[in-house]
Amino acid sequence: MATSLKSLSQYSDKNILDISNKKFGIVVSEWNDQVTESLFSAAVDTLLKHGAKKENIFRKNVPGSFELTLGAQWLAELEEIDAVICLGCVIQGETRHFDFICDAVAHGITNVSIKYNKPVIFGVLTPNTMQQALDRAGGKHGNKGDEAAITAIKMLGF
Ligand code: DLZ
């Protein structure tokens, strides 16, 4: 994906990208699936709401957040995929390898993004408790799946 140059006279935050022909890959971690399924639904709803077509959205499951990196690579290496969204939930209070998993996936998907020159979005919740996760997966703090989808759309338009 090569970026397009926009001069200041062309630039507007209100520019809305036509994403009807963009293809999105969504990698979903099965660990804490009550949370990640909610993130997934919100991400898909947001992509559809902004004009993506259902047939252009592809899902890949992985067992846990640690595997999001490889799942992202499997999708990003496909030429037709424009952007990848990674969804996971690692709960600090319940996971002794919290730091290992979070660091690994943050670095891993950054590397995938750079390697394939495509947006690879970090939609991984890293809360202290399950309640905090649920609050961010359709609860009182909104849904980070929605934010991840918006980030993917924005990156395609920049
Ligand atoms: C092992 C593990 C633990 C303890 N906790 C979580 C978690 O909170 N969230 C998550 O997404 N994955 C967890 N995992 C699984 C790891 O991500 C990974 O799947 C395993 O370590 C196998 O590589």
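These figures come from a predicted structure and were not determined experimentally.

This brings us to the site of the ligand. The ligand sits among 13 residues. The nearest are Trp-31, Ser-65, Glu-67, Cys-89 and Thr-95. Residue Trp-31 places a side-chain N or O atom 3.3 Å away from a nitrogen atom belonging to the ligand. At 3.0 Å from an oxygen atom of the ligand is found a main-chain nitrogen or oxygen belonging to Phe-66. Calculation on the ligand without its partners gives an accessible area of 480 Å², and the protein chains cover 76% of this total.

Following the UniProt record, the feature "binding site: 5-amino-6-(D-ribitylamino)uracil" (unreviewed entry) maps to Trp-31, Ser-65, Phe-66, Glu-67, Cys-89, Val-90, Ile-91 and Phe-122 here. With respect to the secondary-structure elements, Trp-31 resides in the loop between β1 (24-29) and α1 (33-49). Not counting residues up to four positions away in its chain, the partners in contact with Trp-31 are Thr-36, Pro-63, Gly-64 and Cys-89. As for its position among the elements, Phe-66 is in the loop between β2 (57-62) and α2 (68-76). Residues within four places of Phe-66 in sequence aside, it is in contact with Ile-101 and Ala-104.

Calculation criteria
- Residues numbered from 1 in each chain as written.
- Predicted model: local features only at pLDDT ≥ 70, side-chain atom pairs only at ≥ 80, totals over all residues.
- Heavy atoms only, no water.
- Near = heavy atom within 4 Å.
- Polar contact = N/O pair within 3.5 Å; in protein donor to acceptor, adjacent residues only side chain to side chain.
- Areas by Shrake-Rupley, 256 points an atom, 1.4 Å probe, with all protein chains shown as cover.
- UniProt positions renumbered as here; feature names shortened; annotations may be inferred.
- Helix = DSSP H or I, 4+ residues; strand = E, 2+ residues; numbered from the N terminus.
- Contact = heavy atoms within 4.5 Å.

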